[in-house]
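Here are the chains, one letter per residue:
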Amino acid sequence: PNPFNPTTAIGYQLSAVSDVELSIYNLLGRKIVTLVKQKQSPGTYQVKWDASGFASGVYYYRLKAGEFQDVRKMIHIK
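Residues numbered from 1 in each chain as written. Predicted model: local features only at pLDDT ≥ 70, side-chain atom pairs only at ≥ 80, totals over all residues. Heavy atoms only, no water.

Where do I start with the side chain of Asn26 in this structure?
By the secondary structure assignment, Asn26 is in the loop between strand S2 (18–25) and strand S3 (31–40). Note on Asn26: relative accessible area 18%, which makes it buried. At a separation of 3.0 Å, a polar atom in the side chain of Asn26 contacts the main-chain amide nitrogen of Leu28. Here the side chain of Asn26 touches Arg30 through a polar contact of 2.9 Å, landing on its backbone nitrogen. Those residues in contact with Asn26 that lie beyond four places of it in its chain are Ile32, Val58, Tyr59 and Tyr60. (Helix = DSSP H or I, 4+ residues; strand = E, 2+ residues; numbered from the N terminus. Buried < 20%, exposed > 50% of the residue type's maximum accessible area, 1.4 Å probe, protein only. Polar contact = N/O pair within 3.5 Å; in protein donor to acceptor, adjacent residues only side chain to side chain. Contact = heavy atoms within 4.5 Å.)

Looking at this structure, I do not really get unusual backbone geometry. What am I missing?
Leaving glycine out, the prevailing phi sign among residues is negative, and the prevailing peptide bond configuration is trans. Looking along the chain, the bond that leaves Asn5 and enters Pro6 is cis, with omega of -20°. By secondary structure assignment, the location of Pro6 is in the segment before strand S1 (7–14).

How should I be thinking about the pattern of salt bridges in this particular structure?
Opposite charge on two side chains lets them pair, provided their charged atoms get close. In total, this model carries three salt bridges according to the counting rule given. The partner of Asp19 in a salt bridge is Lys39, with the nearest N and O atoms 3.7 Å apart. Here Asp19, found in strand S2, pairs with Lys39, found in strand S3; they are 20 residues apart in sequence, far enough to count as distant. Residue Lys31 is joined to Glu21 by a salt bridge in which the shortest nitrogen-to-oxygen separation is 3.0 Å. Here Glu21 lies in strand S2 and Lys31 lies in strand S3, a separation of 10 residues in the sequence. Here Glu21 falls in the buried class, since its relative accessible area comes to 13%. (Salt bridge = Lys/Arg side-chain N within 4 Å of Asp/Glu carboxyl O.)

Now the structure itself:
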């Protein structure tokens, strides 16, 4: 999803039932929004984030699903 303006889609796949949390953080590491926080079944998912209300810059998303955890960088350009 790099760079994006003003929306991006974050995709992920689950192989087992998992408690999923997908959150967006600013450059300082502060959580600014949680997009997903629920138990999900196995499958493929895509979550859209509309960042039109946020400043241009670097953001990070963190995906936690069970024991799995990943952080990726995104660049929002207006």
